[in-house]
Amino acid sequence: MTIDKTASAIPLHDKSHDRLRKTFKFSGPASYVAGGDPLNPGAELGMSIVHAWLGNVVSNGTVILLAYYDVANKKLKYFDLAGAEVAGGTNLSTYSGYAEVIGR
């Protein structure tokens, strides 16, 4: 494994303890919008910026999907295990998972 310590805007060590960590259960939207489900970090998480979204697996008890937070566009995107984005209009409300978000 190779670690690139310059590849992230997040400091390698948080010596100042100025990061917020939120843990929660989340569920998908009733009608997924292709390109990602908008997320307002300020209103929904109480932080202005998300550095890391940890907890990428969501399931409805039968099928597993992967969730990916697009930091630049502030959207949560859902993908099947083959890597294809879920189609727009898909009901994901029965899918849920747990996440930990680190930010400021």
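A quick note: this is a predicted structure, and the numbers were derived from the prediction, not measured.

Thresholds applied
- Residues numbered from 1 in each chain as written.
- Predicted model: local features only at pLDDT ≥ 70, side-chain atom pairs only at ≥ 80, totals over all residues.
- Heavy atoms only, no water.
- Phe/Tyr/Trp six-rings, centres within 6.5 Å; stacked < 30°, edge-to-face > 60°.
- Helix = DSSP H or I, 4+ residues; strand = E, 2+ residues; numbered from the N terminus.
- Buried < 20%, exposed > 50% of the residue type's maximum accessible area, 1.4 Å probe, protein only.
- Salt bridge = Lys/Arg side-chain N within 4 Å of Asp/Glu carboxyl O.

Points about the packing of aromatic side chains
Taken as a whole and judged by the stated rule, the model has 5 aromatic pairs. Taking the centre distance of 5.6 Å and the plane angle of 90 degrees together, the rings of Y32 and Y78 count as edge-to-face. With Y32 in the loop between β1 (20-27) and β2 (37-38) and Y78 in strand β6 (residues 75-79), this residue pair connects regions lying 46 residues apart in the sequence. Taken individually, Y32 and Y78 each receive the classification buried, so the pair is uniform in this respect. An aromatic cluster is built from F24, F26, W53 and Y69, whose rings are joined through pairwise contacts.

Some remarks on the pattern of salt bridges
The full count for this structure, using the stated rule, is 2 salt bridges. One salt bridge connects K77 with D70, and the closest N-O pair in it is separated by 3.4 Å. Look at D70 and you get buried, because its relative accessible area is 10%.

Quick look at unusual backbone geometry
Although it is not a glycine, K74 adopts a positive phi angle of roughly 55 degrees. Here K74 lies in the loop between β5 (64-70) and β6.

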